[in-house]
Amino acid sequence: MVTLAEVAQHAGVSASTVSYVLSGKRSISVGTRQRVERSIQELGYHPNAGARALASSKSNIIALMVPLRTDMYVPVMMEIAIAVATTARTHGYDVLLLTGEEGPDAVRRVTGSGLADAMILMDVELDDERLPLLRRTDQPSVLIGLPADTTGLTCVDLDFGATGALCAEHLAALGHRDIAVIGEAPAVYERHTGFAERTLDGLRSRAREMGLRVLHRPCEGGYDAMAVTLSRIFDERPGTTGFVVQNENAVEPLLALLRQQGRAVPEDVSVIAVCPDQVATQASVRLTSVAIPAQEMGRRAVEHLVAKLDGRGEDDVVLLAPELTVRASTGPAPSGS
């Protein structure tokens, strides 16, 4: 392993000069800095992370808080996390992944220990109990998600309210008047998780404006739970011809149950999903869907955080516009519906 002293000898400077170039604590002439940087590159020198942190009071680490709950679709969470990690690396930061359901304790651990220079929080609830601590700390942070009150916060998310409205508009344009929303697991709504609540609010609001009837039913996902949910929907609203699914684990069971009941998609019923493109395109019927821009969300969050770390960023709310892709699962409402 190359040492700092070897870099100094190669560049023809003192070890302290190399240290100052690395830490930025003193002004070094452009020529000397470039000579040291060339030596670092040619020799493949990597400063010891612990020593670097002590010298600069920086860890060059971003903490990513992503509770891995059993009622959430983990592949989407991991796609966002990978985008965060790869983007952070391009800016010279590594990522510390915190996956426990620790709530405020995780924030205290990061802010109190110097583990990381900044934080990104996922799985944001409308009244998230982590937020008061974030507002009190000087440590930069970004939320991937949108709480009820965004004062003093930087947030990046898909505009889930507009997503719900877009789904309602698409079904209304096809002549559907009775719509069922198959949502996430009940616990997601009990926690008032932001993305699920906002999708439902946006859909209901637009549906009221367009004269649509909406029935919302949370679902655990899986065949048995979907069978019970679907039976309840048709018992309560026999004329339902449009479905909006915001639950990746319920997509294929729903399509299978509709086939078993002799309800053709899209001739008898139309289905829209809010899900990753991979889920929509690999379903047994290619689904009309609003995609989750996981990579874009992760990338934008890191860029806003790095701007804050560099003293350039301000609190901001960035909502990505939803895009609906029409595939084979939606069509005109059946005559007489």
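See above for the structure.
Residues numbered from 1 in each chain as written. Predicted model: local features only at pLDDT ≥ 70, side-chain atom pairs only at ≥ 80, totals over all residues. Heavy atoms only, no water.

1. Description of the overall build of the chain
- When helices and strands are counted, the chain shows 14 helices and 12 strands.
- Counting only C-alpha atoms and orienting by the principal axes, one finds that the chain spans roughly 85 × 40 × 35 Å.
- Counting the 337 residues in the chain, one finds 50% classified as buried.
- Within the chain, counting contacts between residues at least 6 apart in sequence, those at least 24 apart form 70% of the total.
- When the accessible area of the chain is evaluated, it comes to approximately 15500 Å², of which 49% is carbon and sulfur surface.
- Measuring between centres, the 32 positive side-chain charges of the chain sit 4 Å from its 42 negative side-chain charges. (Helix = DSSP H or I, 4+ residues; strand = E, 2+ residues; numbered from the N terminus. Buried < 20%, exposed > 50% of the residue type's maximum accessible area, 1.4 Å probe, protein only. Contact = heavy atoms within 4.5 Å. Areas by Shrake-Rupley, 256 points an atom, 1.4 Å probe, with all protein chains shown as cover. Lys, Arg positive; Asp, Glu negative; His and termini not counted. Charge placed at Lys NZ, Arg CZ, Asp CG, Glu CD.)

2. What to know about the packing of aromatic side chains
- Counting across every chain of the model gives 2 aromatic pairs.
- Taking 5.7 Å as the distance between ring centres and 55 degrees as the angle between the ring planes, the aromatic pair formed by F160 and F195 counts as tilted. Here the residue F160 occupies a position in helix α8 (residues 160–173), and F195 occupies one in helix α10 (residues 194–210), the gap between them amounting to 35 residues.
- Under the relative-accessibility criterion, F195 is labelled buried at 17%.
- When the centroid spacing of 5.9 Å and the interplanar angle of 75 degrees are considered together, the rings of F234 and F243 count as edge-to-face. Take F234 and F243: they sit in the same class, and that class is buried.
- Stacked on the ring of F234, the Lys or Arg R263 has its end atom at 3.6 Å from the ring centre. (Phe/Tyr/Trp six-rings, centres within 6.5 Å; stacked < 30°, edge-to-face > 60°. Lys NZ or Arg CZ within 6 Å of the ring centre and 35° of its normal.)

3. Concerning the layout of surface pockets
- Of the volumes computed, that of the second largest pocket is approximately 190 Å³.
- In terms of lining, the second largest pocket is formed by 14 residues, of which the most central are P67, R69, G103, E129 and R130. (1 Å grid on protein atoms, 1.4 Å probe; cavity = no way out; pocket = protein on both sides within 12 Å on 5 of 7 lines; lining within 4 Å. Points joined across faces, edges and corners; volume = space filled by probe spheres on them.)

4. A short note on the pairing of strand β9 (residues 270–274)
- Across the 5 residues of β9, 5 count as buried, placing the element largely inside the fold.
- Burial along β9 is two-sided: the residues S270, I272 and V274 and V271 and A273 are all buried.
- With respect to chirality, the unit in which strand β8 (residues 242–245) leads through helix α12 (residues 248–260) into the neighbouring parallel β9 is right-handed.
- Sheet analysis places β9 next to strand β10 (residues 288–290), joined by 3 bridges and oriented parallel. The partner of I272 across the bridge, within β10, is T288. (Right-handed = clockwise from strand over helix to strand, strands pointing away. Pairing = 2+ DSSP bridges.)

5. As for the pattern of salt bridges
- The tally for this structure, following the rule as stated, stands at 18 salt bridges.
- Residue R299 pairs with E296 through a salt bridge whose shortest N-O separation is 2.8 Å. Residue R299 and its partner E296 are both found in helix α14 (residues 294–309); the two are separated by 3 residues, about one turn of the helix.
- Classification of R299 as partly exposed rests on a relative accessible area of 29%. (Salt bridge = Lys/Arg side-chain N within 4 Å of Asp/Glu carboxyl O.)

6. Overview of helix α11 (residues 223–236)
- For α11, built from 14 residues, the straight-helix expectation of 20 Å at 1.5 Å per residue is met to within 8% by its first-to-last C-alpha distance of 20 Å.
- Turning to α11, its buried residues number three or more, namely M226, T229, L230, I233 and F234. Buried residues in α11, looked at end-on, bunch into an arc of 130 degrees, giving them a common side. Residues of α11 that are exposed and point more than 90 degrees away from the buried face comprise D224, V228 and D235.
- Looking at the buried positions of α11, the neighbouring elements they touch are β6 (178–183), β7 (213–218), β8 and α12. (Expected span 1.5 Å × (residues − 1). Arc of directions from axis to C-beta.)

7. Some remarks on the packing of α8 against α10
- The N-to-C vectors of α8 and α10 enclose an angle of 40 degrees; their axes lie 6 Å apart at closest approach. Of the possible angle classes, the one that applies to α8 and α10 is oblique. Relative to α10, α8 is oriented so that their crossing is right-handed. Counting all contacts with α8, which are made through F160, G161, G164, A165, C167, A168, E169 and A172, the residues of α10 involved are F195, R198, T199, G202, L203, R206, A207 and M210.
- Looking at side-chain class alone, the contact of α8 with α10 contains 9 nonpolar, 4 polar and 3 charged residues. (Axes fitted to C-alpha atoms, helices over the stretch in contact; angles between N-to-C directions. Parallel < 35°, antiparallel > 145°, perpendicular 65-115°, else oblique. Left-handed = near helix turned anticlockwise from the far one by under 90°. Nonpolar A, V, L, I, M, F, W, Y, C, P; charged D, E, K, R; others polar.)

8. Some thoughts on the sheet that holds β7
- Read across the open sheet, the 6 strands follow the order β7-β6-β8-β9-β10-β12; overall the sheet is mixed. Single-partner strands in this sheet number two, and they are β7 and β12 (324–325).
- Strands β6, β8, β9, β10 and β12 of the sheet are contacted by α8, whose axis makes an angle of about 170 degrees with β9.
- α12 rests against β6, β8 and β9 of the sheet, and its axis sits at about 155 degrees to β8.

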